[in-house]
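# Chains, contacts and geometry: an overview
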Amino acid sequence: MDESKLMIIQLLQALDNGEVNFKQVPALVNLVKAETQRQVQTQADDVVDELGKQCQTSLMLFEQDQKQRIASQRQTLRDLNQEIKETQLKLEKSTLQRTITIIVMVMGIITLLATLGLLMWVIVPMVLHGSGLKSIWDTWHPELTGWGAVRYIGAILTSFLVICIELLVIGVPTVIAIKIMEFVDRSDR
């Protein structure tokens, strides 16, 4: 017999004074249980699917967020590396400029000392003998005359002028080197 016919028969038998005793209709109870289980299973599957979708969406959002953070940190690291490279280049340029400046200053000082030594070698005899060319002095003007005094004063003034020119020749590059050092020090800050 078919299940629906069996259920109808059981329902009619369970009918007592207009009321149905469902404990006496096992086919209906089994049908209700089966339908309930099917509905529960369907709802559970729907909930599992929804939770799966939510978890997948959450994971995708989390992954995107992490990728963005990593990309941001990588960009920050690239920027920092670029700044480090620029600072190293500036430091190398600064060191090179300082080295050049020191070399120029040392050369200027050595040249100044050599020139002063040479001029002193010429000036001291002029001061002591009235002229740096004592033999010519002795030959032409053995005594201090008017012309000898002019030559004496001319020799001292010429020596002074040569020293001033030498100081300018050495001093200008030295001042330029000092200005370069000051500019480099200012740009490093």
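Residues numbered from 1 in each chain as written. Predicted model: local features only at pLDDT ≥ 70, side-chain atom pairs only at ≥ 80, totals over all residues. Heavy atoms only, no water.

## Overview of the overall build of the protein chain
Broken down by element type, the protein chain carries 4 helices and 2 strands. Put simply, the protein chain runs from its N terminus to its C terminus through helices and strands in the order α-β-β-α-α-α. Here the protein chain, with 189 residues, has 15% of them falling under the buried criterion. Considering only intrachain contacts with a sequence separation of at least 6, the fraction spanning at least 24 residues in the protein chain is 49%. By element, 66% of the accessible surface of the protein chain is carried by carbon and sulfur atoms, the whole surface being about 15300 Å². (Helix = DSSP H or I, 4+ residues; strand = E, 2+ residues; numbered from the N terminus. Buried < 20%, exposed > 50% of the residue type's maximum accessible area, 1.4 Å probe, protein only. Contact = heavy atoms within 4.5 Å. Areas by Shrake-Rupley, 256 points an atom, 1.4 Å probe, with all protein chains shown as cover.)

## Thoughts on a negative patch on the surface
A cluster of acidic residues, Asp 45, Asp 46, Asp 49 and Glu 50, forms a negative patch on the protein surface. Turning to its location among the elements, Asp 45 is positioned in helix H2 (residues 26-129). (Patch = residues over 30% accessible without salt bridge, like charges linked within 9 Å, V, L, I, M, F, W, Y side chains within 5 Å. Salt bridge = Lys/Arg side-chain N within 4 Å of Asp/Glu carboxyl O. Lys, Arg positive; Asp, Glu negative; His and termini not counted. Charge placed at Lys NZ, Arg CZ, Asp CG, Glu CD.)

## So, a nonpolar patch on the surface
A cluster of nonpolar side chains, namely Leu 168, Val 172, Ile 176 and Ile 180, defines an oily patch on the protein surface of about 360 Å² accessible area. Tracing the backbone through its elements, the reader meets Ile 176 in helix H4 (residues 146-188). Take Ile 176: its relative accessible area is 48%, and that puts it in the partly exposed class.

## Description of the environment of Leu 119
Topologically, Leu 119 is positioned in helix H2. In this structure Leu 119 comes out as buried when scored by relative accessible area, which is 11%. Counting along the chain gives 43 residues from Leu 119 to Val 162, while the straight-line C-alpha distance between them is 8.3 Å. Setting aside anything within four residues of it in sequence, one finds Leu 119 in contact with Val 162 and Ile 163.

## Topic: the pattern of salt bridges
Under the criterion given, the structure shown has 3 salt bridges. Between Arg 38 and Glu 35 there is a salt bridge, and its shortest N-O distance comes to 2.3 Å. Of this pair, Arg 38 and Glu 35 are both found in helix H2, 3 residues apart, which corresponds to roughly one turn of the helix. On the basis of relative accessibility, which here comes to 43%, the residue Arg 38 falls in the partly exposed class. The partner of Arg 69 in a salt bridge is Asp 65, and the shortest N-O contact between them spans 3.5 Å. Of the two residues, Arg 69 and Asp 65 are both situated in helix H2; the distance of 4 residues between them amounts to about one turn of the helix. Residue Asp 65 is classed as partly exposed on the basis of its relative accessible area, which comes to 29%.

## A few points about the confidence of the model for the protein chain
Here the protein chain shows a mean pLDDT of 76. Residues at 70 or above account for 73%. Of all helices and strands in the protein chain, the one with the weakest mean pLDDT is helix H3 (residues 134-140) (52), whereas H2 scores best (83). (pLDDT = per-residue confidence, 0-100.)

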